[in-house]
Amino acid sequence: MTAPTDVRQLLVSLQLADSAFPSGFYTMSHGLEGFSQARWVTRPDVEGLLADLLRHSVGPGDATALARAHDAATAGDWPSVQEIDRRLFASKLNTEMRKASVRSGHQVCDLALEVLGGEGLAEYVRLVKARSTPGCQAVASAVAFAAAGVSVERAVTSDLFAFSASFVGAALRLRLTDHRHAQVVLNAVSSVIEDTAASAVVREIDDMGGCVPVADIMSARHERAEARLFAS
């Protein structure tokens, strides 16, 4: 198969990271609603909270899993893809975070197979449907990016941006920001995304896993909230 051009890689990355791509990210606040319900976050706090989650949660966790799963999928090493998937699932301490990741991952699987196709995606979807692997969002995205020939660096960076765009989108719906400030926040965390991606790309799978105890507590409280706008 001919390697995709840089422009083609860019186009696929833009499509998969676009908020219009129905990955299920729009149903998640990534813990933000829990913080909002506890009145622990206001408009000035949105940028800092997002940066902390990128550095200490998503980067060491999902982004690292994505990088290593991308390597394994590119090599056709499906036992390793499944092992990474299971590790990522186990690393999510709260039920809602596990459910949200798997729900989104299955959506990515189904749609990416239809849009991108390829033997790699077909094999991963088969494993997910056979319940041989959980199908976490980051790993499903890794397989999709690998199937399209997108480099691991671009794949990780794109997924981190998709997370960030989803986070500020949730802030909008929670009335913690407005459209103009949301764009300021996205630009402000661009250097954090760059640094986080660079670390994730070289991190070994044995070092995978974030440490965000307060965010985990907020998620646990959110699971039991009487009213919830978001799934996480």
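As a reminder, the structure under discussion sits directly above these lines.
About the criteria used
Residues numbered from 1 in each chain as written. Predicted model: local features only at pLDDT ≥ 70, side-chain atom pairs only at ≥ 80, totals over all residues. Heavy atoms only, no water. Helix = DSSP H or I, 4+ residues; strand = E, 2+ residues; numbered from the N terminus. Rg over C-alpha atoms; globule rule 2.2 N^0.38 Å. Buried < 20%, exposed > 50% of the residue type's maximum accessible area, 1.4 Å probe, protein only. Contact = heavy atoms within 4.5 Å. Areas by Shrake-Rupley, 256 points an atom, 1.4 Å probe, with all protein chains shown as cover. Phe/Tyr/Trp six-rings, centres within 6.5 Å; stacked < 30°, edge-to-face > 60°. Lys NZ or Arg CZ within 6 Å of the ring centre and 35° of its normal. Axes fitted to C-alpha atoms, helices over the stretch in contact; angles between N-to-C directions. Parallel < 35°, antiparallel > 145°, perpendicular 65-115°, else oblique. Nonpolar A, V, L, I, M, F, W, Y, C, P; charged D, E, K, R; others polar.

Pulling in residues and values, what's your account of the overall build of the chain?
Of regular secondary structure, the chain possesses eleven helices and zero strands. Starting at the N terminus and ending at the C terminus, the chain contains elements arranged as α-α-α-α-α-α-α-α-α-α-α. In summary, the chain has a C-alpha radius of gyration of 17 Å against a globular reference of 17 Å for 232 residues, a match within 12%. Across its three principal directions, the C-alpha atoms of the chain cover 50 × 35 × 30 Å. In the chain, which comprises 232 residues, the share counted as buried stands at 50%. Long-range pairs, those at least 24 residues apart, make up 81% of the contacts in the chain between residues at least 6 apart in sequence. Element-wise, carbon and sulfur atoms account for 52% of the exposed surface of the chain, whose accessible area totals about 11,200 Å².

If you had to explain the packing of aromatic side chains to someone new, which residues and values would you point to?
Using the criterion set out here, one finds one aromatic pair in the structure. Here Arg 98 stacks its cationic end above the ring of Phe 89, 6.0 Å away from the centre of that ring.

Before we move on, can you summarise the environment of Gly 61 with the specific residues and values?
Along the chain, Gly 61 turns up in helix H3 (residues 46-74). For Gly 61, a relative accessible area of 4% puts it in the buried group. On a C-alpha basis, the gap between Gly 61 and Met 208 in space is 5.4 Å, while along the polypeptide they are 147 residues apart.

Could you give an account of unusual backbone geometry, naming the residues involved and the relevant values?
Phi at Arg 39 is positive, roughly 60°, even though this residue is not glycine. Residue classification places Arg 39 among the exposed residues on the basis of a relative accessible area of 76%. The phi torsion at Arg 131 lies on the positive side, around 60°, for a residue other than glycine. By the secondary structure assignment, Arg 131 is in the loop between helix H6 (119-129) and helix H7 (137-147). Residue Arg 131 is classed as exposed on the basis of its relative accessible area, which comes to 78%.

Quick rundown of the packing of helix H5 (residues 95-115) against helix H11 (residues 213-223)? Include the residues and the values.
Here H5 crosses H11 at 85°, and the two axes come no closer than 8 Å. The pairing of H5 with H11 is recorded here as roughly perpendicular in orientation. Taking contact as the criterion, the partners of Thr 95, Glu 96 and Met 97 in H5 are, on H11, Ser 219, His 222 and Glu 223. A per-class count over the contact of H5 with H11 returns one nonpolar, three polar and two charged.

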